[in-house]
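# Structural characterization, general
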Amino acid sequence: GREGEDGKWRSGDAYGAPWMEGDVIGVFLSCSSDRKCKLSFALNGSFAAPFGNAFELELPEEASLSLLVASGDEGQITVNLGQRLFQV
């Protein structure tokens, strides 16, 4: 797949597979000391295709990251940033 600024969402490419109520969507961001980052997604604990590595990018020196989640009008979201043991 394409990466960085020309990545899957920026260009509107489909990614992953349909999910439904009760599914758990996992998001994994890994950045190295040289500011190269990978963003991956999982469905119900599995990073297997069609999920897994979504794209790679290199963060500019002045860049920072922010987490944004949205559940829609009636959705429910639980966010675990490491305060609890991750379970699959």
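Quick caveat, the model's predicted, so the values are computed rather than measured.

All right, on to the sheet that holds strand β1 (residues 25–31) then. With antiparallel pairing, the 3 strands of this open sheet are ordered in space as β1-β2-β3. Looking at strand neighbours, the two that pair on one side only are β1 and β3 (52–58), the edges of this open sheet. Across this sheet, the average inter-strand angle for adjacent strands is 15°, counted without regard to direction. As judged from the 7 bridges shared by β1 and strand β2 (residues 36–43), these two strands associate in the antiparallel manner. By the bridge assignment for β2, Cys31 is matched with Cys37.

With that out of the way, let us pick up the side chain of Ser40. Here Ser40 lies in strand β2. Relative accessible area serves as the criterion here: at 11%, Ser40 is assigned to the buried category. Ser40 has contacts with Gly26, Val27, Phe28, Phe47, Gly52, Asn53 and Ala54, leaving out every residue within four places of it along the chain.

Chain-level pLDDT for the chain is 80 on average; 82% of the residues reach the 70-or-more range. Mean pLDDT values for the elements of the chain range from 88 in β1 up to 91 in β2.

Per the counting criterion, the structure on display carries 1 disulfide. Covalently, Cys31 is tied to Cys37 through a disulfide, its sulfur atoms 2.1 Å apart. Its S-S torsion of about 115° marks the bond between Cys31 and Cys37 as right-handed, since a negative value means left-handed. When its relative accessible area of 38% is taken as the criterion, Cys31 is described as partly exposed. Look at Cys37 and you get buried, because its relative accessible area is 3%.

One can find Asn80 in the segment after β3. Judged by its relative accessible area of 18%, Asn80 falls in the buried class. At 3.3 Å, the side chain of Asn80 forms a polar contact with the backbone nitrogen of Gln83. Looking at Asn80, its side chain comes within polar contact range of the main-chain oxygen of Arg84, at 3.0 Å.

Calculation rules
Residue numbers run consecutively from 1 along every chain, following the written order of its sequence. Given that the model is predicted, a residue must reach a pLDDT of at least 70 before its local features are reported, and side-chain atom pairs must reach 80 or more before they are shown or counted; all residues, however, enter totals for whole chains, interfaces and linings. The basis for the side-chain values is all heavy atoms of the structure; hydrogens and waters are excluded. Strand pairing is assigned whenever DSSP identifies at least 2 bridges connecting the two strands. Here a strand is any run of E in DSSP of at least two residues, a helix any run of H or I of at least four, and the numbering for each starts at the N terminus. To define axes, lines are fitted to C-alpha atoms, for helices over the stretch in contact only, and angles between the resulting N-to-C directions are given on a 0 to 180 degree scale. Using a 1.4 Å probe on the protein chains alone, a residue whose accessible area is under 20% of its type maximum counts as buried, one over 50% counts as exposed, and one in between counts as partly exposed. Residue contacts are counted whenever heavy atoms from the two residues lie within 4.5 Å of one another. pLDDT expresses, on a scale from 0 to 100, how confident the predictor is about each individual residue. Any pair of cysteine sulfurs within 2.5 Å is marked as a disulfide. Polar contact is the term for a pair of N or O atoms within 3.5 Å; when the atoms are in protein, one must be able to donate a hydrogen and the other to accept it, and sequence-neighboring residues count only if both atoms are side-chain atoms.

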